[in-house]
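Structural overview
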Amino acid sequence: MFQNKKLFAVLIACLIAVVISVTPKTEAYAAGVPNYATGSYVNTISYQEVNMYVAADQYSTVVATLPANSVCTVEGIEDIWVKVNHLGTVGYIYYEYVEHNEEVINSSLEKAEAERLAREALLQQESIRELAALIHCEAGSEPIEGQIAVGAVVMNRVKSDRYPNDIHSVIYQPGQFTPAGRGSVANRLATGNIKQSCLDAALAAFQGMDNTGGLLHFHAGSSGGLQIGRQVFY
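Residues numbered from 1 in each chain as written. Predicted model: local features only at pLDDT ≥ 70, side-chain atom pairs only at ≥ 80, totals over all residues. Heavy atoms only, no water.

Aromatic ring pairs are defined here through the distance separating the ring centres and the angle between the ring planes. In total, this model carries six aromatic pairs according to the counting rule given. Measuring from ring centre to ring centre gives 5.5 Å for Phe218 and Phe233, while their planes differ by 35°; the resulting arrangement is tilted. Here Phe218 is found in strand 8 (residues 218-220), whereas its partner Phe233 is found in strand 10 (residues 231-233), with 15 residues between them in sequence. You can call Phe218 buried: its relative accessible area is 14%. Of the aromatic side chains, those joined through ring pairs into one cluster are Tyr53, Trp81, Tyr94, Tyr95 and Tyr97. (Phe/Tyr/Trp six-rings, centres within 6.5 Å; stacked < 30°, edge-to-face > 60°. Helix = DSSP H or I, 4+ residues; strand = E, 2+ residues; numbered from the N terminus. Buried < 20%, exposed > 50% of the residue type's maximum accessible area, 1.4 Å probe, protein only.)

Turning our eyes to something else, we now look at the sheet that holds strand 9 (residues 226-228). The strand order 8-10-9 describes an open sheet built from three strands, whose pairing is antiparallel. Of all strands in the sheet, those with a lone pairing partner are strand 8 and strand 9, marking the two edges. For this sheet, the mean angle separating the axes of adjacent strands, direction not counted, is 30°. With three bridges connecting them, strand 9 and strand 10 associate as antiparallel partners. Bridged to Leu226 within strand 10 is Phe233. Across the sheet, helix 3 (residues 144-159) is in contact with strand 8, strand 9 and strand 10; its angle to strand 10 comes to roughly 40°. (Pairing = 2+ DSSP bridges. Axes fitted to C-alpha atoms, helices over the stretch in contact; angles between N-to-C directions. Contact = heavy atoms within 4.5 Å.)

Moving on, we come to the pattern of salt bridges. Scanning all chains against the criterion turns up three salt bridges. Residue Glu120 is joined to Arg116 by a salt bridge in which the shortest nitrogen-to-oxygen separation is 3.1 Å. Remark: Arg116 and Glu120 occur in helix 2 (residues 102-139); sequence separation between them is four residues, near one turn of the helix. The salt bridge involving Glu142 is made with Arg230; its shortest N-O contact spans 3.0 Å. Here Arg230 lies in the loop between strand 9 and strand 10 and Glu142 lies in the loop between helix 2 and helix 3, a separation of 88 residues in the sequence. (Salt bridge = Lys/Arg side-chain N within 4 Å of Asp/Glu carboxyl O.)

Here we take up the environment of Ala220. Secondary-structure assignment places Ala220 in strand 8. Sequence separation between Ala220 and Val232 is twelve residues, and the spatial gap between their C-alpha atoms is 6.0 Å. Ignoring sequence-local partners within four residues, the contact set of Ala220 consists of Arg230 and Gln231.

Turning our attention to helix 7 (residues 196-206). Owing to its 3.6 residues per turn, the α-helix aligns residues three or four sequence positions apart on the same side. Of all the residues in helix 7, the buried ones are Cys198, Leu199, Ala201, Ala202, Ala204 and Ala205. Where helix 7 ends, the next residue or the one after it, Gly208, has phi of about 115°, a positive value.

A few words on the packing of helix 3 against helix 7. One way to put it is that helix 3 packs onto helix 7 with a least axis distance of 8 Å and a crossing angle of 45°. Taken together, the axes of helix 3 and helix 7 lie oblique to each other. Two packed elements cross with a definite hand, and for helix 3 against helix 7 that hand is right-handed. For the pair helix 3 and helix 7, contact is made by Ile144, Gln147, Ile148, Gly151, Ala152 and Met155 and by Ser197, Cys198, Ala201, Ala204, Ala205 and Phe206, respectively. Of the residues assigned to the contact of helix 3 with helix 7, the class counts are nine nonpolar, three polar and no charged. (Parallel < 35°, antiparallel > 145°, perpendicular 65-115°, else oblique. Left-handed = near helix turned anticlockwise from the far one by under 90°. Nonpolar A, V, L, I, M, F, W, Y, C, P; charged D, E, K, R; others polar.)

Once that is clear, we can look at the environment of Ser40. Its place among the elements puts Ser40 in the loop between helix 1 (2-31) and strand 1 (41-44). Judged by relative accessible area, which is 22%, Ser40 ranks as partly exposed. Here the alpha-carbon distance between Ser40 and Val84, two residues 44 residues apart in the chain, equals 9.7 Å. Aside from chain neighbours lying at most four places away, what touches Ser40 is Cys72, Thr73 and Val74. Separated by 2.5 Å, the side chain of Ser40 and the backbone oxygen of Ala37 make a polar contact. (Polar contact = N/O pair within 3.5 Å; in protein donor to acceptor, adjacent residues only side chain to side chain.)

You can see His86 is positioned in strand 5 (residues 81-86). Under the relative-accessibility criterion, His86 is labelled buried at 15%. A polar contact of 3.0 Å, which involves the side chain of His86, links it to the backbone oxygen of Val71. Residues contacting His86, with those up to four places away along its chain left out, are Met52, Leu66, Ser70, Val71 and Cys72.

The structure is reproduced here in structure tokens:
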């Protein structure tokens, strides 16, 4: 009986020792996680790729493998895991694999901003040329006022809730502009044979000039609306 009690006591002591030895270690790991603020930036470590998991568990599905020095936005902290958003993909990274390196983050953000501005400039340039091609097809023989008016109609549609919200989609909306549907706009754009006055008119309309007063339609003729050149706007 004594031996059984002694054995039981030894087992209890061992169990307590295990709990004591394990619990502080877990708490120490959790306490070592930097308190990254939600919405702040972090970067993955610089010397290897890092797995991003769907859950705060290394045995869960890997949703992405990020290159070294990838910059992410913090969405929260869960125990020893940092929940991050990288280019729209959200997942968890073990805290030791992320850091806040100002130099890396600032360099990445500056590069991303430069790329965004370059894309925006390119899209604007393409949009303006596409608008100019439509103006050439619809009003190439009209005075500059008539060409601007055609561009203004397109831009007014872009701003309207009744039409698509970008120039390309407005121009190619089915049943709206005949030259677009027949391929004339695309051909004019491909050859680059666009009158300078149409390019000027497109830029003016793109920058906000509107001599139609917000009108959304036009047709050839002399009645039914605002007459500009040989076209009526309504």
